[in-house]
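An overview of the molecular structure
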Amino acid sequence: MRTHYCGELRSTHGHQEVTLCGWVDRSRDHGGVIFIDLRDRTGTVQVTVAPEGSAQVFHQAEQLRNETVLRISGHVRLRPEESVNPKLPTGTVEVVATDLTVLNSIQGALPFAVSVHDEEPVREELRLRHRYLDLRRQRMQRNLALRHQVMQTARRFLDEQGFLEVETPMLTRSTPEGARDYLVPSRVCGGEWFALPQSPQLFKQLLMVGGVERYYQLARCFRDEDLRADRQPEFTQLDLEMSFLSQEQILAINEHLVAHIWKTALGVQLPIPFPRLGWSEAMARYGTDCPDTRYGLELTDVSDLVADLSFKVFSQAVARGGVVKCLAIPHGNERLSNVRIKPGGDVFAEATTAGARGLAYIRVRDRGVLDTIGAIKDSLGPEQARALLERCGAEPGTLLLFGAGDAATVNKALDRVRQFLARELQLIPANTWNFVWVVDFPLLAWNKDDQRLEALHHPFCAPHPADVHNLAQARAQAYDLVLNGLEVAGGSLRIHSATLQQQVLEAMGFSADEARRQFGFLMDALAMGAPPHGGIAYGVDRLVMLLAGEESIRDTIAFPKTQQARCPLTAAPGSVDPDQLKELHVASTWVDPDST
RNA sequence: GGGACCGUAGUUCAACCGGUUAGAGCACCGCCCUGUCACGGCGGAAGUUGCGGGUUCGAAUCCCGUCGGUCCCGCCA
């Protein structure tokens, strides 16, 4: 049908006969001569319809609307020097049309402009409803190509490293822990249900027991939780698992994989190895387990310095086993007004949204003068003040913001304020890729709501060998890869001993029976010669989002869902025929609110 | 489950503190134009201001509800 692609034509194609297929990106009718910008996946090229040619072709060209699907035959002509368009890769040539076939015409109004020249934002619901049009636009073409490139690069790299791509079931069993499952009723086994996988975690471990040794999969995963800019109900993981490798060996392979992807997709040479940061240190310095290290604004613990103050907010927080931490903002005095850091202000709101009760502050003026609320001023002696300023690295002009309370809340609040201020004060350098491995996570964490210990990652992470006799306090041999403050991958060495797996499940409050019932198949497998193994999983959508400079993973997914987990294009989810439910032995308890 | 913001022509936006016939760019339709490339010129059509109710002499504007979308909290091992 075609001999060339639009975007690839150059002066070297001069005088060749070509046939092109594509869409009318735009056309310019000068009465006597008509120019058509013909677009395909590779770009656009100018097609010229001259009056000297066929009258029928000229007549057809006069009728064209944007997005008409065309096949055009003609010869490539070098443009006259004064008509060369330096803005276009194909700007030195044009195709003089001798034949023009309309393969499909446009009926009715287009919901939005597709042209490569059109940068106008379009309401997202409209883009999703007509995603097939949106995908034609440059931005989505680029994002899909980038996604493809990431996936292909990973496949090639992992293939070369001896990894086997293995598919695991989409219809599997529901397991406790983790997110809400998407359930699928079984017609054949009445009353029983499959779950769609939240990740291939157990299967990839079973593949290790199965002697695959190196596995990977671009795995679709499903979690029935509320959506965010970076969370969709179905998403894609690049899932890896390896046997007989140490944690350091696993991290090294992944560093090469990531460096390879960045080199291929962006031409950027990442320095490897990536820095390693202990979880405790990350929490202490940044208040989060996924720190953005592109800027400073690190947190300082001042609990010991303020424990005895008469300012009760500080001293009581410490007395109750909590902490007081400080976020020091250089030049904060001039850059942040009191209105913003006091109740009602945007900075204050960031802290309270994260659960903080308030946001104490001290403005450091010249000659050690402190500008703050009376209660703090009255409470701080000169010695204490000096120690505080020194600890926080404060200088005249510095604004100190304080969080006080239990460690989790303080960290969460100051982390949020820190990120907010970095954006507001434009402290984030452009084109910076700061990777960091966060390691030595706690194995278990206390869940206040359920009054029990639960796995921080998942129940199959191996505890640090030195910590196995105190599982409640144990570190896990787990690692997250963090890029610019976002978790892009997470993994661990796994438990390969049935006995230890049993102990960890018990520590999490599973009875022996319950553990047996839920995870018996795993423990049986571990008992039959499971090799030491471990792995990692990348959030592909998020990775592509970061590479593309997008702010939502929806822009990296061909057909994403809205925040209500709907698809405006297909109108899914939708109702089904009652007979379908009956066949599946399912009855709906849903009551339409309008009918009551 | 909760909070915030948004919804005006096919589309992107405007319309001040409630006050003339709800405007503009692009797209669309018609006419003109032989070197443009986001072509240009002249003219035209296009609106249940998401939907429902209320306040008012008067509502795109204020209030309540509702639907849809976005961001966030909870939730997401």
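Residues numbered from 1 in each chain as written. Chains lettered and ligands numbered in written order. Predicted model: local features only at pLDDT ≥ 70, side-chain atom pairs only at ≥ 80, totals over all residues. Heavy atoms only, no water.

Quick word on the side chain of Asp40
Note on placement: Asp40 falls in strand β2 (residues 34–40). Using a relative accessible area of 6% as the deciding quantity, one classes Asp40 as buried. For Asp40, the side chain forms a polar contact with the main-chain nitrogen of Cys6, separated by 2.8 Å. At 2.5 Å, the side chain of Asp40 forms a polar contact with the side chain of Thr42. Dropping the residues within four chain positions of it, Asp40 is found in contact with Arg2, Tyr5, Cys6, Gly7, Cys21, Gly22 and Trp23. (Helix = DSSP H or I, 4+ residues; strand = E, 2+ residues; numbered from the N terminus. Buried < 20%, exposed > 50% of the residue type's maximum accessible area, 1.4 Å probe, protein only. Polar contact = N/O pair within 3.5 Å; in protein donor to acceptor, adjacent residues only side chain to side chain. Contact = heavy atoms within 4.5 Å.)

Describing the protein's contact with RNA strand B
RNA strand B sits among 52 residues. The nearest are Arg79, Ser83, Asp226, Lys412 and His457. Take Arg77: an N or O atom from its side chain is 2.7 Å from a base oxygen of RNA strand B. Between RNA strand B and the protein, one listed contact pairs a phosphate oxygen with a backbone N or O atom of Arg123 at 2.7 Å. Of all the secondary-structure elements, those providing two or more residues to the surface near RNA strand B are β1 (17–29), β2, α2 (124–129) and α15 (407–424). Partitioned by chemical class, the residues of the surface near RNA strand B number 15 nonpolar, 14 polar and 23 charged. (Near = heavy atom within 4 Å. Nonpolar A, V, L, I, M, F, W, Y, C, P; charged D, E, K, R; others polar.)

Quick notes on the sheet that holds strand β15 (residues 370–372)
The strand order across the open sheet formed by five strands is β12-β13-β16-β14-β15, and the pairing between neighbours is antiparallel. The outermost strands of the open sheet, each flanked by one partner alone, are β12 (299–301) and β15. For this sheet, the mean inter-axis angle between neighbouring strands, taken without regard to orientation, is 25 degrees. Where strand β14 (residues 360–364) meets β15, three bridges bridge the pair, whose relative direction is antiparallel. Looking at the pairing, Arg363 lines up with Asp371 of β15. (Pairing = 2+ DSSP bridges. Axes fitted to C-alpha atoms, helices over the stretch in contact; angles between N-to-C directions.)

Brief notes about empty space enclosed by the protein
Summed over the entire model, instances satisfying the criterion amount to two cavities of 30 Å³ or more. Taken as a whole, the largest cavity spans an internal volume of roughly 40 Å³. For the largest cavity, the full set of lining residues is Thr168, Pro169, Met170, Pro197, Pro200, Gln217, Ala219 and Arg220. Residues of the lining of the largest cavity, tallied by class, amount to five nonpolar, two polar and one charged. Space inside the second largest cavity adds up to approximately 30 Å³. Lining the second largest cavity we find Leu128, Arg131, Phe559, Pro560, Cys567, Pro568 and Leu569. (1 Å grid on protein atoms, 1.4 Å probe; cavity = no way out; pocket = protein on both sides within 12 Å on 5 of 7 lines; lining within 4 Å. Points joined across faces, edges and corners; volume = space filled by probe spheres on them.)

Considering the environment of Gly345
Among the structural elements, Gly345 can be located in the loop between α11 (338–341) and α12 (346–353). Along the chain, Gly345 and Trp193 lie 152 residues apart, while their C-alpha atoms are 50 Å from each other. What Gly345 contacts, discounting residues up to four positions off in sequence, is Val339 and Arg340.

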